[in-house]
Amino acid sequence: MEITVHQIMFALFSAIILVFSVLTVTTRRILRAATFLLLVLVSTAGLYFMLNYQFMAGVQLTLYAGGIVVLIIFSILLTSHISQKFEAVGWRKAYFSALASIAGAILCITTILQHKFQATTEAAKEIDMKLIGNSLLGTGRDGYVLPFEVISVLLLAAMIGAIVVAKRKKTKE
Amino acid sequence: MLNAGIPMEAFLVVSTLMFFAGVYGFLTRRNLITILMSVELILNSVNINFLVFNRFLFPDKLQGHFFSLFIIAIAAAEAAVAIAIIINIYRHFNTINVENVDKMKY
């Protein structure tokens, strides 16, 4: 069996995702955890490129890797010392959490591997920006204008809420 | 051939392992920001699942694509509000460990 470039890329991306997502949740330095999370999110964008969803990959890179990780790093710098190390997780907690996670993973993976997925026979749709824009603002059968508007209201509410919550209260003296 | 011969199950296995890494972090971490990071891992693996199902099973439709687009937008809003709350908690308690924050009223 011949190994294609795509398979090598897929193996690389999934290795990065697996190693660094485990490191994200186990490392004892918080800034390193944020950096590992950034690597996981960037290689997820790589997986989206492999699925031919270029727009989603771009959104992933700008919004997740660019926006959320920067937000997380800022809040880390505001709330903890960089050199601070977490105390190690107690073995009991670590053991039972790992047991639950591994059991869940094994259950899900066996289910996935046993199930026969049936693809449609319809021809694949070419996804370009014009189609995405028309669907996002379309009101017809494949239109998403209602969730689009709802999510803009949600983003506005989240923005106002974040400002109100994080604002320092005025002191009397 | 679409996707150059990589089976759908490979993507699903990767996203499952990522999901349960996030679950492990959610169960063991005590710092609020690291818990938030575990939640981001979980959301991200769900996004991969939506896109993979969309690409492999229904390539003529766009539902999974837009669903994960909206999930990313909601995750951004959620991270912004959560970090505002975390900074507020830090101001009042001087720590963001979940075990030391046990008062709703200050």
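Residues numbered from 1 in each chain as written. Chains lettered and ligands numbered in written order. Predicted model: local features only at pLDDT ≥ 70, side-chain atom pairs only at ≥ 80, totals over all residues.

1. Structural notes on helix α1 (residues 8-28) of chain B
Threshold: Every helix listed is a DSSP run of H or I at least four residues long, and every strand listed is a run of E at least two residues long, numbered separately from the N terminus. Expected helix span is given by 1.5 Å per residue-to-residue step, counting one fewer step than there are residues. Put plainly, a residue is buried at 20 or more neighbouring C-beta atoms within 10 Å of its own, exposed at 12 or fewer, and partly exposed in between, counting only other residues' C-beta atoms, which are placed from the backbone.
Here α1 of chain B spans 31 Å end to end across 21 residues, near enough to the 30 Å set by a 1.5 Å rise per residue. Where burial is concerned, most of α1 of chain B is hidden: 15 out of the 21 residues are buried.

2. Things to note about the environment of Val145 of chain A
Residue and element names in this part refer to chain A. Worth spelling out the cut-off: Note that contacts rest on C-beta atoms placed from the backbone: two residues are in contact if these are within 7 Å.
Along the chain, Val145 turns up in helix α6 (residues 145-166). With 14 residues separating them in the primary sequence, Val145 and Leu131 have C-alpha atoms 14 Å apart. In contact with Val145, other than residues within four places in its own chain, are Leu137, Gly138 and Thr139.

3. Structural notes on the packing of helix α2 (residues 32-57) of chain B against helix α3 (residues 63-93) of chain B
Residue and element names in this part refer to chain B. Note the following rule: Every axis corresponds to a line fitted to the C-alpha atoms, with the helix fit spanning only the stretch in contact, and the corresponding angles, defined between N-to-C directions, vary from 0 to 180 degrees. Just so you know how the angles are binned, under 35 degrees is roughly parallel, over 145 roughly antiparallel, 65 to 115 roughly perpendicular, and the rest oblique.
At a minimum axis distance of 9 Å, the contact between α2 and α3 shows a crossing angle of 175 degrees. What the angle tells us is that α2 and α3 run roughly antiparallel. Of α3, the residues touching α2 (which contributes Leu32, Ile33, Leu36, Glu40, Leu43, Val46, Asn47, Phe50, Leu51, Phe53 and Asn54) are Gln63, Gly64, His65, Phe67, Ser68, Ile71, Ile72, Ala75, Ala79, Ala82 and Ile86.

4. Overview of the domain arrangement of chain A
How we decide: Where a domain begins and ends is set by an automatic assignment or by a domain database.
Here the domain parsing of chain A yields domain 1 (1-85) and domain 2 (126-173). Computed over C-alpha atoms, the centres of domain 1 of chain A and domain 2 of chain A are 24 Å apart.

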